[in-house]
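Residue-level structural notes
What follows is each chain in one-letter form.
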Amino acid sequence: MAGLDESGSNPDVGLLYDINGLAKDTPSWFDSAAAFVGEYGLLLALVLLVVWCWWGQRKRGTLDDAASSVAAVVWAPLAAGIAVLVNVPIRGFVERPRPFRLHRGVELLVDGKNDYSFVSDHATLAMAIGAGLFVANRKFGIVGLCLAAVEGFLRVFMGVHYPTDVVGGFALGTAVTLLLSPLAMALLTPLTKMIGRSGRMGWLVWDRKVAPVAAPLSGTATTTQAAGAASVDPDERDLAA
């Protein structure tokens, strides 16, 4: 299906040339580094960010809080995988060739791209993980969304995608993550709670060392608890809890 305009008058193509044209003015070592980062590096960084976020969410005060938070973190990579699967029929339906196959002067920084262009798998994966992390924890989510934006820019810079391929990937990744999040949380939270109660696997969900200490019986207990609650950084309160 030739549903997307490939002509040079298309603003999408003009923006492609503007971004990809930067590669002509940068040294070869920078282009190689950008190609590696855009192909592998940022996705690896997002995976490490998920692991970092998971490690922190385990340290919630109660099992219920930790289980719901860890479930939200687990949903991020699962949503990314589902979004890529959803993209398979979309690519087959649109059948948009890669930009370097249709336009002269496009600097191709990576080889082996023989499949269709719309939508970008890398942009879909990155944004799905970023949106999933934002559901789990705002601070980690903001970092994830920024990494996804850089990933999208580099896909165009590398000459393997049009800007609309990236925008479509962002939309697909976000939609899958947010629309399926309620169902995913309903299924994953009981599972993480069950794992958290287990003896050997419980550490995957909840760090028992940070379990809340019983409050004293004195009248200052309420005041101490209120002060502790007020001191919690609002950004650390995940959206899934």
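Just above, that's the structure.
The rules behind these values
Residues numbered from 1 in each chain as written. Predicted model: local features only at pLDDT ≥ 70, side-chain atom pairs only at ≥ 80, totals over all residues. Heavy atoms only, no water. Helix = DSSP H or I, 4+ residues; strand = E, 2+ residues; numbered from the N terminus. Buried < 20%, exposed > 50% of the residue type's maximum accessible area, 1.4 Å probe, protein only. Contact = heavy atoms within 4.5 Å. Areas by Shrake-Rupley, 256 points an atom, 1.4 Å probe, with all protein chains shown as cover. Patch = residues over 30% accessible without salt bridge, like charges linked within 9 Å, V, L, I, M, F, W, Y side chains within 5 Å. Salt bridge = Lys/Arg side-chain N within 4 Å of Asp/Glu carboxyl O. Phe/Tyr/Trp six-rings, centres within 6.5 Å; stacked < 30°, edge-to-face > 60°. Lys NZ or Arg CZ within 6 Å of the ring centre and 35° of its normal. Expected span 1.5 Å × (residues − 1). Bend = angle between axes of the 7 residues up to and from the residue. Core = buried A, V, L, I, M, F, W, Y, C linked by side-chain atoms within 4.5 Å. Polar contact = N/O pair within 3.5 Å; in protein donor to acceptor, adjacent residues only side chain to side chain.

Moving on: the overall build of the protein chain. From N to C terminus, the protein chain includes 9 helices and 0 strands. Along the protein chain, helices and strands appear, N-terminal first, in the series α-α-α-α-α-α-α-α-α. Expressed as a percentage of its 241 residues, the buried residues of the protein chain come to 42%. Taking the intrachain contacts of the protein chain between residues at least 6 apart in sequence as the baseline, contacts between residues at least 24 apart amount to 79%. Counting only carbon and sulfur atoms, one obtains 70% of the accessible surface of the protein chain, whose full area is about 12,400 Å².

So, about a nonpolar patch on the surface. Residues Leu44, Val47, Leu48 and Val51 make up a contiguous nonpolar surface patch of roughly 360 Å² in combined accessible area. Here Leu48 is to be found in helix H2 (residues 28–57). Overall, the relative accessible area of 53% leaves Leu48 in the exposed class.

Quick look at the packing of aromatic side chains now. The full count for this structure, using the stated rule, is 7 aromatic pairs. Ring geometry for Trp29 versus Phe30: centroids 6.0 Å apart, planes at 80 degrees, classification edge-to-face. Here Trp29 falls in the exposed class, since its relative accessible area comes to 62%. Residues Trp52 and Phe140 carry aromatic rings whose centres are separated by 5.4 Å and whose planes lie at 85 degrees to one another, so their mutual orientation is edge-to-face. In this pair, Trp52 sits in helix H2 while Phe140 sits in helix H6 (residues 138–157), placing the two residues 88 residues apart along the sequence. Three or more aromatic residues joined by ring pairs form one cluster here, namely Trp29, Phe30, Phe153 and Phe157. Over the ring of Trp54 we find Arg58; its NZ or CZ atom is 5.7 Å from the centre of that ring. Here the basic side chain of Arg96 rests over the ring of Tyr162, its NZ or CZ set 3.7 Å away from the ring centre.

The next thing to look at is unusual backbone geometry. Of note, the bond from Phe118 into Val119 is cis; its omega dihedral lies within 30 degrees of zero at 0 degrees. With respect to the element layout, Val119 can be found in the loop between helix H4 (99–102) and helix H5 (121–136). Notably, Glu95 is not glycine yet its phi reads approximately 55 degrees, a positive angle. Along the chain, Glu95 turns up in the loop between helix H3 (63–94) and H4.

With that settled, consider the pattern of salt bridges. Overall, the coordinates contain 8 salt bridges when judged by the stated rule. Shared partners join several salt bridges into a network, and the residues in it are Arg91, Arg98, Asp115 and Asp121.

A separate point is H2. Because an α-helix completes one turn every 3.6 residues, residues spaced three or four positions apart along the sequence face the same direction. Taking 1.5 Å of rise per residue, the 30 residues of H2 would be expected to cover 44 Å, and the 41 Å separating its terminal C-alpha atoms lies within 8% of that figure. At Val37, H2 shows its maximal kink, close to 50 degrees.

Take the nonpolar core next. In this structure, Val73, Ile129, Leu133, Leu154, Phe157 and Phe170 are the most contacted members of the largest nonpolar core, which totals 41 residues. Those elements that place two or more of their residues in this core are helix H1 (11–20), H2, H3, H5, H6, helix H7 (163–179) and helix H8 (181–197). If you tally residues by element for this core, the top one is H2, at 8 residues. Look past the residues within four positions of Ile129 in its chain and what remains in contact with it is Leu46, Val50, Ala76 and Ala80. By size, the runner-up hydrophobic cluster in this structure holds 6 residues, among which are Val94, Phe118, Leu172 and Val176.

With that settled, consider the side chain of Ser120. Note that Ser120 resides in the loop between H4 and H5. A distance of 3.4 Å separates the side chain of Ser120 from the backbone nitrogen of His122, its partner in a polar contact. A polar contact of 3.1 Å, which involves the side chain of Ser120, links it to the backbone nitrogen of Ala123. Contact partners of Ser120, with chain neighbours within four places excluded, come to Asn87, Arg91, Arg155, His161, Asp165, Val166 and Gly169.

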